[in-house]
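# Per-entry structural report
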Amino acid sequence: MEGSKAVSSGKVLYEREDEIVTIIINRPEVRNAVDRETAQLLFQYFDQFEKDPTLKVAILTGSQSNFCAGADLKALSSDSSNTNSIESFPNPGPMGISRMHFSKPVIAAISGFAVAGGLELACVCDL
């Protein structure tokens with residue numbers, strides 16, 4: 001659908017324009033660190049990208065001045081129920097897409113910090 005644009009809001013933004021989707025980690029207050037909810041949203045949006053035959057390429061980036069500072073360690077340490085422990089994350093991995101394989105190109109648009117798990121996300125991308 002030419003010129004179409006879908007935008008979501010929250011911890012991860014999903015913006016579609018024509019055959020390109022841009023997925024934006026939107027947690028600038030913690031340098032786009034990934035907590036459990038963010039990881040699940042990343043997985044959900046990349047799974048949606050992979051299954052949609054009308055999408056040809058995805059771009060992963062971070063909002064404002066950082067790509068991603070890795071896992072949100074404060075969120076991991078503050079959850080007494082242990083649901084944020086690294087071991088409790090689902091198969092795609094603690095960063096959401098770490099273990100995913102894509103049949104279409106994924107581009108990391110890196111600006112600012114890309115450390116720890118942020119570097120892991122960048123390495124999942126093709127370019």
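Up top is the structure.
It should be emphasised that the depicted structure is a prediction, and the values quoted were computed from it without experimental measurement.

### So, the overall build of the protein chain
Tallying secondary structure elements over the protein chain gives three helices and five strands in all. Burial status across the protein chain gives 45% buried among its 127 residues. Sequence-distant contacts, at least 24 apart, represent 66% of the contacts inside the protein chain between residues at least 6 apart.

### Some details on the environment of T54
Relative to the helices and strands, T54 resides in the loop between α1 (36-51) and β4 (57-62). The partly exposed category is assigned to T54, whose relative accessible area is 39%. With near-sequence residues (within four places) excluded, T54 lies in contact with R16 and E19. There is a polar contact of 2.7 Å between the side chain of T54 and the side chain of R16. There is a polar contact of 2.5 Å between the side chain of T54 and the side chain of D52.

### Remarks on the packing of aromatic side chains
Tallied over the full model, the rule gives four aromatic pairs. Three or more aromatic residues joined by ring pairs form one cluster here, namely F46, F49 and F102. In this structure, K104 packs its charged tip against the face of F49, placed 4.5 Å from the ring centre.

### Section: unusual backbone geometry
Here N32, not a glycine, exhibits a phi torsion of approximately 60°, which is positive. Inspection of the secondary structure puts N32 in the loop between β3 (20-25) and α1. A positive phi angle, close to 60°, is found at Q64, a residue other than glycine. Within the fold, Q64 resides in the loop between β4 and α2 (73-78).

### Observations regarding the state of the cysteines
All chains considered together, the criterion is met by zero disulfides. With no disulfide of its own, C123 lies closest to C125 among cysteine sulfurs, the gap being 8.7 Å.

### Quick look at helix α3 (residues 117-124)
Looking only at α3, the buried set comprises G117, G118, L121, A122 and V124. Looking straight down α3, one finds its buried side chains confined to an arc of 155°; they lie on one side. Those residues of α3 that are buried are in contact with β3, α1, β4 and β5 (106-109).

### With respect to α1
Here α1 contains 16 residues, and its C-alpha end-to-end distance of 23 Å stays within 8% of the 22 Å for a straight helix at 1.5 Å per residue. Turning to α1, its buried residues are T38, A39, L41, L42, Y45, F46 and F49. Seen along its axis, α1 keeps its buried residues to an arc of 160°; they face one direction. Packed against the buried residues of α1 are β2 (12-17), β3, β4, β5 and α3.

Scoring rules and cut-offs
- Residues numbered from 1 in each chain as written.
- Predicted model: local features only at pLDDT ≥ 70, side-chain atom pairs only at ≥ 80, totals over all residues.
- Heavy atoms only, no water.
- Helix = DSSP H or I, 4+ residues; strand = E, 2+ residues; numbered from the N terminus.
- Buried < 20%, exposed > 50% of the residue type's maximum accessible area, 1.4 Å probe, protein only.
- Contact = heavy atoms within 4.5 Å.
- Polar contact = N/O pair within 3.5 Å; in protein donor to acceptor, adjacent residues only side chain to side chain.
- Phe/Tyr/Trp six-rings, centres within 6.5 Å; stacked < 30°, edge-to-face > 60°.
- Lys NZ or Arg CZ within 6 Å of the ring centre and 35° of its normal.
- Disulfide = S-S within 2.5 Å.
- Arc of directions from axis to C-beta.
- Expected span 1.5 Å × (residues − 1).

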